[in-house]
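The lines below spell out each chain.
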Amino acid sequence: MISFLLSGDNPEIAIAEILSLAEAYGRLKGYWTDERILTIDFEGEEFFHRVAFSHEAIELHRICKTSELENVFSDIKVNGSFCVRVSGIGLKSDSNLEKRLGAILLKKGGHVDLQNPDTLVRVYLTKKNCYVGFLKFKQDKKQFLQRRPDKRPFFMPVVILPKLAKALVNLTSVKNGKILDPMCGTGSFLIEAGLMGLEIYGMDYYEDIAKGCKENLNFMKLNGEVLRGDVRDMPFKDNSFDGIVTDYPYFRATRKSRNEDLYERSLLEIKRVLKKGCRAVIVTNIELKDFPMEVVYRLSQRVHGSLTRRIYVLRKT
Ligand SMILES: C[S@@+](CC[C@H](N)C(=O)[O-])C[C@H]1O[C@@H](n2cnc3c(N)ncnc32)[C@H](O)[C@@H]1O
């Protein structure tokens, strides 16, 4: 079993991301959450490199009460160097606990290395439980800063930031295959999908934006096709893509525009070009009710006072 320490900025997206990846990489037998800890009973290939919205993951050794911690530690076998790290999730942890638990392992023959241990024994304390396990994954937060959109040759102010873009690509639940963003703008989704090794296809209504997106892909040393086209009438065959992820232009819900048929027609097109059983992740600032596909998740993320992104994960049945 694996427990993830979810990122605090949007636990709903974090949970949906892990469950979507678990489905893509193997078989999810069950899961539960406790504060910001998500534990999955999972059989399959490891997918830590894909995760965006979790800070860490541990291979779970035991779940226990605080009073049982010292007993649990006397069962742990460590070879070589080790380090114990304890964090309270939503509560303060006793600062001596790490030392006390470390001393138990020390007596059993291991030696302490705080910088680069062979085994990092990790404890998460929630109000109800202690999760004891071995650290398997720590998020590389620098990657998202290194890929900041304003460092790319082509920039637009509406870009989706890399961490969210990566998570939204993951919500498609695609491990390998073809990903399409039919309103690609600067290419935030395509860049994240390309870095995951997926085959990327982009399209935008405006020639200069499609060109700018291609420049950004070249800048990131990614191969991908980007063309000019209208999401309401796409130049792709039926059932072509394993996943679609796209961000609609931000309109005011009340304003009549020449794009008023955009949602209705594009959603039917998205359904047409998506393979059966596959997912489309739709981002918009408008609350949508009716979809021509099954709704797997309805999520949201507040950007600022007047902009909340609605995220719909749809499945073609
Ligand atoms: C919100 S932006 C996408 C931003 C993108 N996710 C990024 O991070 O750069 C929406 C994009 O949809 C494009 N667009 C608007 N109407 C379209 C249509 N009918 N067909 C294709 N693209 C369209 C716009 O040109 C714009 O680039």
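What comes next concerns the included structure. (Residues numbered from 1 in each chain as written. Predicted model: local features only at pLDDT ≥ 70, side-chain atom pairs only at ≥ 80, totals over all residues.)

**Digging into the nonpolar core**
Within soluble globular proteins, side chains that are nonpolar tend to cluster in buried spots. Selection rule: The term nonpolar core refers to a set of buried Ala, Val, Leu, Ile, Met, Phe, Trp, Tyr and Cys residues connected through C-beta atoms within 7 Å. Each residue is classed by its C-beta neighbour count within 10 Å, where at least 20 other C-beta atoms makes it buried, 12 or fewer makes it exposed, and intermediate counts make it partly exposed; the C-beta atoms are placed from backbone geometry. Each helix is a run of H or I in the DSSP string that is no shorter than four residues. Each strand is a run of E no shorter than two, and both are numbered from the N terminus. Throughout, the edges of the domains are those of an automatic or database domain assignment. C-beta atoms are first placed from the backbone for all residues, and any pair lying within 7 Å is then listed as a contact.
In terms of nonpolar packing, the biggest core is built from 86 residues, with I18, Y131, L168, I179, A280 and V281 touching the most fellow members. Top element by residues in this core is helix 1 (residues 11-25). It accounts for nine residues. When residues of this core are sorted by domain, at least three fall in each of domain 1 (2-138) and domain 2 (145-315). Non-local contacts of I179, meaning those with residues more than four positions away in its chain, are made with V169, T172, V174, A193, L198, E199, I200, Y201, F241, D242, G243 and V245.

**Observations regarding the environment of M156**
Residue placement: M156 occurs in the loop between helix 4 (142-146) and helix 5 (162-170). With 12 C-beta atoms counted inside 10 Å, the residue M156 sits in the exposed group. The spacing of M156 and K141 is 15 residues in sequence and 23 Å in space, taken between C-alpha atoms. Setting aside its immediate chain neighbours within four residues, M156 contacts G185 and T186.

**Considerations on the pairing of strand 12 (residues 241-247)**
As a general feature of sheets, a regular strand has side chains that alternate between the two faces. In plain terms, the rule: Each pair of strands is called paired provided DSSP finds at least two bridges between the two strands.
The buried count for strand 12 comes to seven of seven residues, which makes it a mostly enclosed element. Across two bridges, the pairing between strand 9 (residues 178-181) and strand 12 is parallel. Considered in strand 12, the bridge of I179 is made with G243. Pairing of strand 12 with strand 13 (residues 274-284), which is carried by six bridges, proceeds in the parallel orientation.

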